[in-house]
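# Topology and contacts: notes
Residue-level listing of the chains:
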Amino acid sequence: MADLEDVSKTINGIIFHDIQDLDSVTDLLRALRSACTRGVNVQKFIGENTILLEKVETIICDGISLQQQSEKVLLMTAVAIQFLGNLTVNNPSNSLTIWNLVKEKILHLCFKLDATKIWNSFSMLLLNVFLQNENLLDEILCSEYVTTILEKLTKSAQDDAEFSQHVIEVCILPRKELSVIYPELPHPSRLFLLETIYHALASTPESKATVSAAFMQYAAEVFKLKSDFMLHVLRRNEDVEPLEYTKMLEILASSSGSDKYVLMLQEDKSLLVSTVYLLKCFHQLGKEAEEGFTPVEDLAVLAPNNVNRIQEEPTFCFKRDLIRLIANLTWRNLSNQNEIREMNGIEIIMECCCIDARNPFMQQWCILAMRNLLEDNIENQRYVASMTEQGTTRSEVLSEMGFEVVDKRIRRV
């Protein structure tokens, strides 16, 4: 009871306090923010006070609307939003109340603001609301302003707003709607999302992969449609546009190694064909000594102090990721293994099995690709064995990859 009496005094302090006294109002809001952590009864008591909530709404709206926002105004506004966010923690009823309070005026006022402090606080509120009421997330994802929200979230996340990052990872990436929203976003937001998706795939256990399968299908479609475009642009070293598609390849190569996505991607035969086509083109350009495609044997160029910053070239790791994708698409898949042979892809992969600073670890991915191509595939084993007999492939190459020919069959050394 003493807790509620103290909270009641604080509530009255805010309701009847002069909003111009920024320091005092901020301290009172801090007290309420802390009070919300005392349990559901305190949350309920505060959440039922409509006069208080309306006053807090006014504080936030006035703080956002000011043309010249001082640090004190921004702090007061951020603390007010954090207070509303704490009201919603593990409280579905309050979440709905607070969402109805903020979605009309406060949300749309936030669209006009780029202050990271405000958006990080607002993201905390959004995260708690969406975790308690998934139907409210559905409402946002189907709204006309969803691209604006996601643009603001990505921008503030790039400025190290941790709650904006959490909203993206927990609420946005797992949703199938992402594949529809993504093309409508500005280029910087798309690149940030792709980087976030890649790190989510790399850092999350397979059983907890959080990126929607619908987005992987979308990425595969874009990759296939843009394969000719990528080859054209990368040859001219135009390093702005292709970055988005090289990132998509990186994501496909990574996700195809996950149990959650591999079977779906393996069924996409045109993805396999496009990947082999690009690998052939890249490999041929390297043979023709075209700048940006020729293998670099000296790994010293990867040193941080080296003036040849090949890591910044748009073709960096592209060929390796193509082989990585092929390796995963052919894993225990007889049909895809045969498709690679019929497209003369086996020869290309064997020729790529070399040290190349432009494609770190490409040699290892070639070995894995060959292992997957030959596993339980008699036709492919005979095909590779015949290549050594005809002299088109030296047996030393197979030996370097860990294989040997025995009675026209291939086995691991």
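Here the structure is a predicted model, which means the values were calculated and not measured. (Residues numbered from 1 in each chain as written. Predicted model: local features only at pLDDT ≥ 70, side-chain atom pairs only at ≥ 80, totals over all residues. Heavy atoms only, no water.)

### What to know about the nonpolar core
With 124 residues, the main nonpolar core has Leu29, Ile46, Phe83 and Leu84 as its most contacted residues. Take this core: its biggest share by element is 10 residues, from helix H5 (residues 71-88). When sequence neighbours within four positions are dropped, the list of residues in contact with Leu84 reads Leu53, Val56, Ile60, Ile98, Leu101, Val102 and Leu125. (Core = buried A, V, L, I, M, F, W, Y, C linked by side-chain atoms within 4.5 Å. Buried < 20%, exposed > 50% of the residue type's maximum accessible area, 1.4 Å probe, protein only. Helix = DSSP H or I, 4+ residues; strand = E, 2+ residues; numbered from the N terminus. Contact = heavy atoms within 4.5 Å.)

### Some details on the pattern of salt bridges
Enumeration according to the criterion identifies 20 salt bridges in this entry. Measuring nitrogen to oxygen at the nearest pair gives 3.5 Å for the salt bridge that ties Lys117 to Glu71. Of this pair, Lys117 sits in helix H8 (residues 116-132) while Glu71 sits in helix H5, and the two are 46 residues apart along the sequence. A salt bridge links Arg382 to Glu379; its shortest N-O distance comes to 3.7 Å. Pair noted here: Arg382 and Glu379 are both in helix H23 (residues 378-390), with a separation of three residues, about one helical turn. (Salt bridge = Lys/Arg side-chain N within 4 Å of Asp/Glu carboxyl O.)

### Brief notes about the packing of helix H11 (residues 162-172) against helix H13 (residues 187-203)
Direction vectors running N to C along H11 and H13 enclose 70 degrees, while the axes themselves pass 11 Å from each other. Relative to H13, the element H11 is oriented roughly perpendicular. For the crossing formed where H11 meets H13, the hand is right-handed. On H13, the residues that touch Gln165, Ile168 and Glu169 of H11 are Phe192, Leu193 and Thr196. Tallied by class, the residues present in the contact of H11 with H13 amount to three nonpolar, two polar and one charged. (Axes fitted to C-alpha atoms, helices over the stretch in contact; angles between N-to-C directions. Parallel < 35°, antiparallel > 145°, perpendicular 65-115°, else oblique. Left-handed = near helix turned anticlockwise from the far one by under 90°. Nonpolar A, V, L, I, M, F, W, Y, C, P; charged D, E, K, R; others polar.)

### What to know about H8
Helix length check: H8, at 17 residues, gives a terminal C-alpha distance of 24 Å against a target of 24 Å (1.5 Å per residue), a fit within 8%. The element H8 is extensively covered by neighbouring structure, given that 13 of its 17 residues are classed as buried. (Expected span 1.5 Å × (residues − 1).)

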